[in-house]
Amino acid sequence: MAGRGRLSISTALSRNATLDSSFGGNSSTTSATAAHSERQIKKLKEENAKLRNEIKEVRSLYNQLVQENSHEKFDERRIMLIKSQVIQLERQVLMMSEAISSRSETLAENTTVRNLTRPLMFVNEFVRPGSEEEITLLDIASGHLEHLNLKHVAKLETKLASLYKELIGFHSLIEEAEKPSLHPVSEHTNKAMHDRMTTRLLKSCAMIKDCCGDLVQLSLLYPSAPWPPLKRSVIKDLTCDQVMKSLPVLPKTKVKEVQSVVDAMLKAVNYKNSMTNHEIKSLKEDLKFHKSVYDLQLEYIQALFDAVRGGYQKFEESTKDVIIKPLKGEIT
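Owing to the predicted nature of the structure, the values given are computational and were not obtained by experimental measurement. (Residues numbered from 1 in each chain as written. Predicted model: local features only at pLDDT ≥ 70, side-chain atom pairs only at ≥ 80, totals over all residues. Heavy atoms only, no water.)

J.: Is there a simple way to think about the overall build of the chain in this case?
T.: Per the secondary structure count, the chain includes nine helices and zero strands. Counting over 332 residues, the chain shows a buried share of 16%. Considering only residue pairs separated by 6 or more positions, the chain has 64% of its internal contacts joining residues 24 or more positions apart. (Helix = DSSP H or I, 4+ residues; strand = E, 2+ residues; numbered from the N terminus. Buried < 20%, exposed > 50% of the residue type's maximum accessible area, 1.4 Å probe, protein only. Contact = heavy atoms within 4.5 Å.)

Written out as structure tokens, the structure reads:
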């Protein structure tokens, strides 16, 4: 029994030494792992700071790009803003399409719609203060109004009212200038009137540009498709249902897909037809204007020929009376 006791004690002591050595090894391994983790965290923090700086730089460049410049025309800026909005929406649609095509149980469990939305990269005065970081392209495409600053919309109405008042004043100046004056007007008075009209016109143009800029920003936050042209069919009785009926029998799994393609194609054709009609109308108006100018030129040329012809006839008559008749009298 004593031997067994001594063996048990020695065995316990040896096991204790083994545990101490194992704990010492684990502590060294833990410290090495912690040091490696700290290095990784430090590296990730540096990469995160670098990416944040790059994002700030890209945002500043983008803001500088979309902001209005003094040498930039309004049409150019409007096209650039719309192209920027379209590019962002295309990326949003691509992201949603990829998420739908690669949908799985893991995606359905761990991914929400909010995770698939892209933030709006656009500085806009119509965005409600405090929601600049929260607004996404999905909110804009869905037609939500929570992000709009309605107070700024009221300011736009004030600008439009001031513009209307300015245009009314400019119209009264034009009417006053067109009235026949009973008293002769000096050249200095005409110049003063012309300068005043020019100033009012330039002021009105600046106000119109300002209002149009606000309307462009507002339309980017609340876009609206041109529904009347899209719904106005090129051929009166041509509808999506009729096109689907004319197609051969399709599998049930493909019916919705083909129907959406046909519907999109008809809308594209309708919109293109509407734009073509607008272009034709504009060309007809230009043709009408140039035709009226040519008619005026023809009338002027005809009147000039008539005046030359009449003057030549009078010259012949006066020549006969003044020169030829006296000479005939002297000869006889």
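J.: Is there a simple way to explain the nonpolar core in this structure?
T.: Here is a general trend for soluble globular proteins: nonpolar side chains tend to be buried in one another's company. One finds Phe 126, Val 127, Ile 135, Ile 140, Leu 148, Leu 156, Leu 163, Met 207, Cys 211, Leu 218 and Leu 221 forming the largest nonpolar core, which totals eleven residues. Contributing elements (two or more residues each) for this core: α5 (150–178) and α6 (187–221). In terms of residues, this core owes the most to one element, α6, which gives four residues. Leave out the neighbours within four places in its chain, and Leu 163 touches Ser 204, Met 207, Ile 208 and Cys 211. (Core = buried A, V, L, I, M, F, W, Y, C linked by side-chain atoms within 4.5 Å.)

J.: I keep staring at the side chain of Asn 149 and nothing clicks. Help me out?
T.: Relative to the assigned elements, Asn 149 resides in the loop between α4 (137–141) and α5. Accessibility expressed as a relative area gives 17% for Asn 149, which makes it buried. Apart from the residues within four sequence positions on either side, Asn 149 is in contact with Glu 125, Phe 126, Val 127, Arg 128 and Pro 129.

J.: Can you help me understand a nonpolar patch on the surface in this one?
T.: On the surface, Leu 298, Tyr 300, Ile 301, Leu 304, Phe 305 and Val 308 cluster together into a nonpolar patch covering about 640 Å² of accessible area. Overall, Leu 304 belongs to the partly exposed group, its relative accessible area being 44%. (Patch = residues over 30% accessible without salt bridge, like charges linked within 9 Å, V, L, I, M, F, W, Y side chains within 5 Å. Areas by Shrake-Rupley, 256 points an atom, 1.4 Å probe, with all protein chains shown as cover. Salt bridge = Lys/Arg side-chain N within 4 Å of Asp/Glu carboxyl O.)

J.: Just to check I follow, could you spell out the confidence of the model for the chain for this structure?
T.: Close reading of the predicted structure is inappropriate where its pLDDT is low. Looking at the chain, pLDDT values average 76 and 74% of them are 70 or higher. Segment residues 1–7 is flagged for pLDDT under 50; beyond a separation of four residues in sequence, or across chains, it makes zero contacts in the model. Every residue in residues 105–111 scores below 50 in pLDDT, and together they form five contacts with partners more than four places removed in sequence or on other chains. (pLDDT = per-residue confidence, 0-100.)

J.: So what exactly am I meant to see when it comes to α5 here?
T.: Three- or four-residue spacings in an α-helix give side chains the same orientation, since the helix completes a turn every 3.6 residues. Between the first and last C-alpha of α5 there are 42 Å, a value that for 29 residues agrees with the 42 Å anticipated at 1.5 Å per step. Listing the buried residues of α5 in full gives His 152, Leu 156, Leu 163, Glu 166, Gly 169, Phe 170 and Leu 173. (Expected span 1.5 Å × (residues − 1).)

J.: Help me understand the state of the cysteines, please; the structure alone is not making it clear to me.
T.: Structurally, a disulfide amounts to a covalent bond that connects the sulfur atoms of two cysteines. For the structure shown, the criterion picks out zero disulfides. No disulfide involves Cys 211; its nearest neighbouring cysteine sulfur is the one of Cys 212, lying 7.0 Å away. With relative accessibility at 3%, the residue Cys 211 sits in the buried group. (Disulfide = S-S within 2.5 Å.)

J.: What exactly am I supposed to notice about the side chain of His 152 here?
T.: The residue His 152 is located in helix α5 in this model. By relative accessible area, His 152 is classed as buried at 12%. In contact with His 152, other than residues within four places in its own chain, are Glu 125 and Phe 126.

J.: Hey, could you run me through the environment of Val 243 in this one?
T.: Residue placement: Val 243 occurs in helix α8 (residues 240–246). Take Val 243: its relative accessible area is 16%, and that puts it in the buried class. Separated by 20 residues in sequence, Val 243 and Asp 263 have C-alpha atoms that sit 9.4 Å apart. With near-sequence residues (within four places) excluded, Val 243 lies in contact with Leu 238 and Val 262.

J.: For this particular structure, what's the right way to read the pattern of salt bridges?
T.: Close approach of charged atoms lets side chains of opposite charge pair. All chains considered together, the criterion is met by seven salt bridges. One salt bridge in this structure joins Lys 159 and Asp 210, with 3.3 Å as the shortest N-O distance. With Lys 159 in helix α5 and Asp 210 in helix α6, this pair connects stretches of sequence that are 51 residues apart. With a closest N to O distance of 3.7 Å, Lys 203 and Glu 166 form a salt bridge. On the criterion of sequence distance, the pair formed by Lys 203 in helix α6 and Glu 166 in helix α5 is long-range, its members being 37 residues apart.

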